[in-house]
2 protein chains.
Amino acid sequence: MRKVFQAELQSIGEELVEMTQLVGIAMEQAWASFTNVDTELAQEVIAADARIDFKQNQLDERAIDVLALQGPVASDLRMIVGSLRMSASLERMGDLARHIAQLTRLRYPEPVVPEVIMSTFSEMARLDIAIAKDLGELLETRDPEVARRIIESNRQIDDLHASVFRVVASPDWTGSAPTTADTTLTSRYLERFGDHGVSVARKVTYLVTGEWEPGLAGETPVV
Amino acid sequence: MRKVFQAELQSIGEELVEMTQLVGIAMEQAWASFTNVDTELAQEVIAADARIDFKQNQLDERAIDVLALQGPVASDLRMIVGSLRMSASLERMGDLARHIAQLTRLRYPEPVVPEVIMSTFSEMARLDIAIAKDLGELLETRDPEVARRIIESNRQIDDLHASVFRVVASPDWTGSAPTTADTTLTSRYLERFGDHGVSVARKVTYLVTGEWEPGLAGETPVV
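Computed from a predicted structure; not experimentally measured. (Residues numbered from 1 in each chain as written. Chains lettered and ligands numbered in written order. Predicted model: local features only at pLDDT ≥ 70, side-chain atom pairs only at ≥ 80, totals over all residues. Heavy atoms only, no water.)

## What to know about the side chain of T186 of chain A
Residues and elements named next belong to chain A. Checked against the element boundaries, T186 lands in helix α6 (residues 177-209). On the accessibility criterion, T186 (0% relative accessible area) is buried. Those residues in contact with T186, other than ones at most four positions away along the chain, are W31, F34, L103, V112, V113 and F121. (Helix = DSSP H or I, 4+ residues; strand = E, 2+ residues; numbered from the N terminus. Buried < 20%, exposed > 50% of the residue type's maximum accessible area, 1.4 Å probe, protein only. Contact = heavy atoms within 4.5 Å.)

Rendered as structure tokens:
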């Protein structure tokens, strides 16, 4: 029984890692489509998001089967419930990458945002992609150092997100009102992606150590 | 055993209803603070959000206890897992109300958005508050008619959200770039609140009927 359970748990862990890879690719391609005004690539990201949703459903069904058939208790039970939470965060990260691809398609053939803000957004996207990669590593190694790196990346994203509003408020900003709206949404999507990444990192850390990492306080529910 | 389980399940249901009431009050007060530029009321909403977070943790701990002690299977198990998902959506609705209160406080003593957009936002907020109320009723009655009403309210919110971008793009829009950014975020928060409401409604309907309501397709994961 215990062996079967461990195998199931490992398999769920592997599927979570696979989800981090899919959302990492989604953000990478969404950002490439956004930067290069590539509507075909944007379309691929939008289509691929269904695969992430499917993956989540599969993983959740598996977790529910384990709950039903193995009746885990204590830390094993928390691990399964935690995996349901993590899959929900990862699914949402896929949605946010899709939203960026959708903006690309919506404004085609124009770029979504002005050149002046692109270096800020590219840095946010780079950090988001790094977070997705680090999440895969964290799930595999459970190394608290990786969790701290994710939190630090997200802190940088938050700072960049705040700086976007300073750029928009500066006299140099010449974007039209619709462009300002698109800029705001893009920033919000890039910022939320990082938040969900931290949410997953907190969960892994909590499940491993039983304690919340200092500096991990945030909007995420505790269980 | 069965009796204990039914009592636990009912108690979790009551806590979910209480959460719908708390997030309904949060949005009601957040919207009043936004409309009246009332920074004290905004502060109350921000403080009260911690109570919603606490409620979620309590509910989730209870659900995990039920999973551990009762080892439910089949539809009972899905009900418990569903309640974990619902509490997460409700907690997020509380966050979104808090974000609106935070914008009020940030821009005080100025109103956050121009008068010209206020009737649209007030209607979105009214629908959001109605959704929170309907969710309480849906959890108590499981009446599919109430679920359909929630979906219809959210459809109206989506239309209003789209109309905000038309207003911002019109030549009559005189808001500054920071005001346009605030308007975009406000619209997004009001819109997401409704999405999470639909997510809860879908879950209740699925748990009761075993089928997804037609027209309930959306971003929400299936389990």
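## Focus: the interface of chain A and chain B
It is common to report an interface's size as the accessible area lost on association of the parts. Contacts between chain A and chain B engage 37 residues on the former and 37 residues on the latter. Each partner contributes to the roughly 3300 Å² buried at the junction of chain A and chain B, and carbon and sulfur atoms together form 60% of this total. Run the count over chain A and chain B and you get four salt bridges. Run the count over chain A and chain B and you get six residue pairs in polar contact (both at pLDDT 80 or more). Mapped onto the side of chain A that touches chain B, the elements with two or more residues apiece are α2 (39-70), α3 (74-107), α5 (144-169) and α6 of chain A. Of all the elements, α3 of chain A adds the most residues to the side of chain A that touches chain B, at 12 residues. Looking at the side of chain A that touches chain B, its residues break down into 20 nonpolar, six polar and 11 charged. (Buried area = accessible area lost by both parts, 1.4 Å probe. Salt bridge = Lys/Arg side-chain N within 4 Å of Asp/Glu carboxyl O. Polar contact = N/O pair within 3.5 Å; in protein donor to acceptor, adjacent residues only side chain to side chain. Nonpolar A, V, L, I, M, F, W, Y, C, P; charged D, E, K, R; others polar.)

## Quick notes on the relation of the copies chain A and chain B
Structural alignment of chain A on chain B gives an RMSD of 0.0 Å, achieved by rotating through 180° and translating 0.0 Å along the axis. Read as a symmetry element, the transformation amounts to a two-fold axis. Comparing interface residues between copies, 100% of those in chain A also sit at the interface in chain B, which points to an isologous, same-surface contact. (Least-squares fit on C-alpha atoms with pLDDT ≥ 70 in both.)

## Structural notes on the UniProt feature "domain: PhoU" (unreviewed entry) in chain A
Here the UniProt-annotated "domain: PhoU" (unreviewed entry) positions come out as residues 16-103 and 122-204 of chain A. Secondary structure within residues 16-103 of chain A divides into 94% helix and 0% strand; the distance between the first and last C-alpha atoms comes to 27 Å. (UniProt positions renumbered as here; feature names shortened; annotations may be inferred.)

## Some details on helix α4 (residues 115-141) of chain B
For α4 of chain B, which comprises 27 residues, the first-to-last C-alpha distance of 39 Å matches the rise-based estimate of 39 Å (1.5 Å per residue) to within 8%. Count one or two residues on from α4 of chain B and you reach R142 of chain B, which has phi positive near 55°. (Expected span 1.5 Å × (residues − 1).)

## Here's the deal with the pattern of salt bridges
Under the defined criterion, the tally for this structure stands at 35 salt bridges over all chains. The partner of D182 of chain A in a salt bridge is R107 of chain A, with the nearest N and O atoms 2.6 Å apart. Within this pair, whereas D182 of chain A is found in helix α6, its partner R107 of chain A is found in helix α3, the two being separated by 75 residues in sequence. Residue D182 of chain A is classed as buried on the basis of its relative accessible area, which comes to 4%. With relative accessibility at 30%, the residue R107 of chain A sits in the partly exposed group. A salt bridge links E15 of chain B to R62 of chain B, with the nearest nitrogen and oxygen atoms 2.6 Å apart. With a gap of 47 residues between them, E15 of chain B in helix α1 (residues 2-36) and R62 of chain B in helix α2 (residues 39-70) connect regions that are remote in the sequence. Taken together, the salt bridges that share partners define one network made up of E8, E15, E18, K55 and R62 of chain A.

## Things to note about the packing of α6 of chain A against helix α5 (residues 144-169) of chain B
Their axes nearest at 7 Å, the elements α6 of chain A and α5 of chain B cross at an angle of 135°. Considered as vectors, α6 of chain A and α5 of chain B are oriented oblique to each other. Residues A177, P178, A181 and L185 of chain A of α6 of chain A form the contact with α5 of chain B, whose participating residues are F165, V168 and A169 of chain B. Its residues assigned to classes, the contact of α6 of chain A with α5 of chain B comprises seven nonpolar, no polar and no charged. (Axes fitted to C-alpha atoms, helices over the stretch in contact; angles between N-to-C directions. Parallel < 35°, antiparallel > 145°, perpendicular 65-115°, else oblique.)

## Some words on the packing of aromatic side chains
Residues and elements named next belong to chain A. Across all of its chains, the model carries four aromatic pairs over all chains by this definition. An angle of 15° between the planes, with centres 4.6 Å apart, marks the rings of W31 and F34 as stacked. One end of the pair is W31 and the other is F34, both in helix α1 (residues 2-36) and three residues apart, which spans about a single turn. In this structure W31 comes out as buried when scored by relative accessible area, which is 8%. By way of ring pairs, the aromatic residues W31, F34 and F121 are connected into one cluster. (Phe/Tyr/Trp six-rings, centres within 6.5 Å; stacked < 30°, edge-to-face > 60°.)

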